[in-house]
Amino acid sequence: MRSPKQTTHQAEAESADMAAPAGTVAAYHPSWSTNPVATWLVEHQGQPTELGAFVQALCERLMAQGVPLYRVMLGTQTMHPEVFANNVRWMRGETGIVESDRNYSIRDDEAYLTSPVKLIHGGLGGLRRRLEGDDIQRDFVILDELIAIGCTDYVIMPVLHSTGQINFISWTTDRAGGFSTRQLTLLYDLLPLISLRIELVCAYQATRTLLTTYLGREPANRVLAGTVRRAQVDTIRAAVMVFDLRGFTAIADRHPAADVI
């Protein structure tokens, strides 16, 4: 017999448009103690993992548990001076993961402003669109693209970080009838654990990016390896070039600082 909490949680997952407040976490997660994917998410043994490798391993394990995934997309915002977000895409049948960067101009792009991703970034707690039948709600461009490749169901969820940052992960299937209640319940049960693992990976990558950007690749590698105490000095062979830019003082006087840089 299902508990009242289970029944309520499953009914919410099966709804056509899931819009729970951002930050809401279900109080009951029956999958955490019984599903091997939950065990794997928790017992990562401190091993550093790239996002692409993590998404691939996650999808393979979910497929092994009977979740009929066809396409999964993870989007994470970055701490990079030129890259706003990184997208990782997994598709069943493809070899490897496809990663792509989005620069800061994407925030003003019409495709983003009218996308479900923008709604998730704005605080929506989740969204589902069924992609088969005669009454398909085609309110986002991405839905037509998914229908064209044979998808029958689309679900997008927020990936919440402890810093307040909101990323997203979307799941699609080509199974007739879309995701079942049990399958969606499992994905929602695992979402806090998935979010935690993604935050750990993103935090490590952000640290490496910031150190590399402002210290350089080799100094960043040394700092990450533990060279953080004063008086820890390495001797290297190097060439130093010093030059003067003709007219720089006049340029700096005539133009705003951002243009000069």
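As a starting point, this report considers the structure included with it. (Residues numbered from 1 in each chain as written. Predicted model: local features only at pLDDT ≥ 70, side-chain atom pairs only at ≥ 80, totals over all residues. Heavy atoms only, no water.)

**Some points on the overall build of the chain**
Right, so step 1: For the chain, the count of helices and strands is ten helices and six strands.
Right, so step 2: Per element, the accessible surface of the chain, about 15,500 Å² overall, is 54% carbon and sulfur. (Helix = DSSP H or I, 4+ residues; strand = E, 2+ residues; numbered from the N terminus. Areas by Shrake-Rupley, 256 points an atom, 1.4 Å probe, with all protein chains shown as cover.)

**Side note on a nonpolar patch on the surface**
Right, so step 1: Taken together, M241, F243, L245 and F248 make up a surface patch of nonpolar side chains, about 500 Å² in accessible area.
Right, so step 2: For F243, the location among the structural elements is in the loop between α8 (217-224) and α9 (248-254).
Right, so step 3: Exposure remark for F243: the relative accessible area of 63% places this residue in the exposed category. (Patch = residues over 30% accessible without salt bridge, like charges linked within 9 Å, V, L, I, M, F, W, Y side chains within 5 Å. Salt bridge = Lys/Arg side-chain N within 4 Å of Asp/Glu carboxyl O. Buried < 20%, exposed > 50% of the residue type's maximum accessible area, 1.4 Å probe, protein only.)

**Some points on the sheet that holds strand β4 (residues 127-130)**
Right, so step 1: Pairing within the open sheet is antiparallel, and its six strands lie in the order β3-β2-β1-β6-β5-β4. Two strands in the sheet have a free side with no partner beyond their single neighbour: β3 (98-103) and β4. Ignoring which end each strand starts from, the neighbouring axes of this sheet average 15° apart.
Right, so step 2: Pairing between strand β1 (residues 69-77) and strand β6 (residues 166-173): six bridges, direction antiparallel. In the sheet register, M73 faces β6, and the bridge partner there is S170.
Right, so step 3: On top of the sheet, helix α3 (residues 51-64) reaches β1, β2 (83-91), β3 and β6; it is set at about 35° to β2, its chief contact. (Pairing = 2+ DSSP bridges. Axes fitted to C-alpha atoms, helices over the stretch in contact; angles between N-to-C directions. Contact = heavy atoms within 4.5 Å.)

**Thoughts on the environment of T114**
Right, so step 1: Relative to the helices and strands, T114 resides in the loop between α4 (110-113) and α5 (116-121).
Right, so step 2: When the C-alpha atoms of T114 and D139 are compared, they prove to be 9.0 Å apart, with 25 residues separating the residues in sequence.
Right, so step 3: In terms of polar contacts, T114 uses its side chain to reach the backbone carbonyl oxygen of E110, at 2.7 Å. (Polar contact = N/O pair within 3.5 Å; in protein donor to acceptor, adjacent residues only side chain to side chain.)

**Details of the packing of α3 against helix α7 (residues 181-215)**
Right, so step 1: Put simply, α3 and α7 touch, their axes get as near as 11 Å, and they point 160° apart. Our classification of the angle between α3 and α7 gives roughly antiparallel. Crossing handedness for the pair α3 and α7: right-handed. Packed against α3, whose contacting residues are L51, F54, L58 and L62, the element α7 presents L186, L187, L190, I194, R197, I198, V201, C202 and Q205 at the interface.
Right, so step 2: Taken together, the residues of the contact of α3 with α7 break down into eleven nonpolar, one polar and one charged. (Parallel < 35°, antiparallel > 145°, perpendicular 65-115°, else oblique. Left-handed = near helix turned anticlockwise from the far one by under 90°. Nonpolar A, V, L, I, M, F, W, Y, C, P; charged D, E, K, R; others polar.)

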